[in-house]
Amino acid sequence: MLARLIPDRHLATYRDVTPALLAADGIRALLLDIDNTLAPYEVAEPDDELRAWFAALAKAGVRVALVSNNHPERVALFNRTLGLPAYPDAHKPLRRTVRRALDELGVPPAEAAFMGDQLFTDVLAGKNLGMRAYTVPPIRDKRDLFTRFKRLLERPFMRAYRRRESKKNKENQA
Ligand SMILES: [Mg+2]
């Protein structure tokens, strides 16, 4: 359970997930959270930079789907110009919708990654199915008490991630 809350990679931004990085990790499919991962909550549609990123993934043959806990209207508007397979009301970290998204992309979990900003929804959702998990810091976090509490609960797991990474680095240098 606890290991399922630790991401495999923590990146500065979604833009750091390049076709080269995915190839190095053996990843052919990427399931994506929207809010605070690709865009802030209040931004309705993707900007040019995000569209270019999706185009580069498509060109590299990476299969992509949007898997969001937000409502269908938000997801449909965001996806209007992208036209990706999209799964709103996904109830992450529950498995059902995430598994359906993966099945419909036709890629086994071992060759798929979930990218999101929340450990208790996105990372757990991916890890529950045996996928890799990538995290990014929330683009513009809400400041309400519930969100701050969630972030507080995430801290030990991000510390565990950093410990593991620094241990790996030391081993590589040795
Ligand atoms: Mg999010």
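For the structure itself, look to the data block above.
Residues numbered from 1 in each chain as written. Predicted model: local features only at pLDDT ≥ 70, side-chain atom pairs only at ≥ 80, totals over all residues.

## A look at helix α5 (residues 119-128)
- Among the 10 residues in α5, eight count as buried, and that is most of the element.
- For α5, every residue scored as buried is listed here: Leu119, Thr121, Asp122, Val123, Leu124, Ala125, Gly126 and Lys127.
- Note on α5: the residue one or two positions beyond its end, Gly130, has a positive phi of about 80°. (Buried ≥ 20, exposed ≤ 12 C-beta atoms within 10 Å, placed from the backbone. Helix = DSSP H or I, 4+ residues; strand = E, 2+ residues; numbered from the N terminus.)

## What about the pairing of strand β2 (residues 29-32)?
- Judged by which residues are buried, β2 turns out to be covered on both faces: Ala29 and Leu31 on one side and Leu30 and Leu32 on the other are all buried.
- For β2 and strand β3 (residues 63-67), the ladder comprises four bridges, and the chain directions are parallel. Each residue of the ladder has a partner; that of Leu30, found in β3, is Val64.
- For the handedness criterion, the β-α-β arrangement of β2, helix α2 (residues 48-59) and β3 is classed as right-handed.
- Pairing of β2 with strand β5 (residues 112-116), which is carried by four bridges, proceeds in the parallel orientation. Residue pairing for β5: Leu30 is matched across the bridge by Ala113. (Pairing = 2+ DSSP bridges. Right-handed = clockwise from strand over helix to strand, strands pointing away.)

## A closer look at the sheet that holds β2
- Read from one edge to the other, the open sheet built from six strands follows the order β1-β6-β5-β2-β3-β4, with strand pairing classed as parallel. The sheet is open, and its two borders are formed by β1 (9-10) and β4 (86-87), each paired with just one other strand.

## Details of the nonpolar core
- The biggest cluster of nonpolar side chains holds 36 residues, and the ones touching the most others in it are Leu30, Leu31, Val67, Ala113 and Met115.
- At the level of elements, β2, β3, α3 (72-78), α4 (95-105), β5, α5 and β6 (132-135) are the ones that each hand at least two residues to this core.
- Discounting chain neighbours no more than four positions away, the residues touching Leu30 are Leu22, Leu57, Val62, Val64, Ala113 and Met115. (Core = buried A, V, L, I, M, F, W, Y, C linked by C-beta atoms within 7 Å. Contact = placed C-beta atoms within 7 Å.)

## Some thoughts on unusual backbone geometry
- A cis geometry characterises the amide bond from Lys92 onward to Pro93, with omega recorded as 15°.
- With respect to the element layout, Pro93 can be found in the loop between β4 and α4.
- Its identity as a non-glycine residue notwithstanding, His91 has a phi of 55°, on the positive side.
- Of the residues examined, His91 has 13 C-beta atoms within 10 Å and is grouped as partly exposed.

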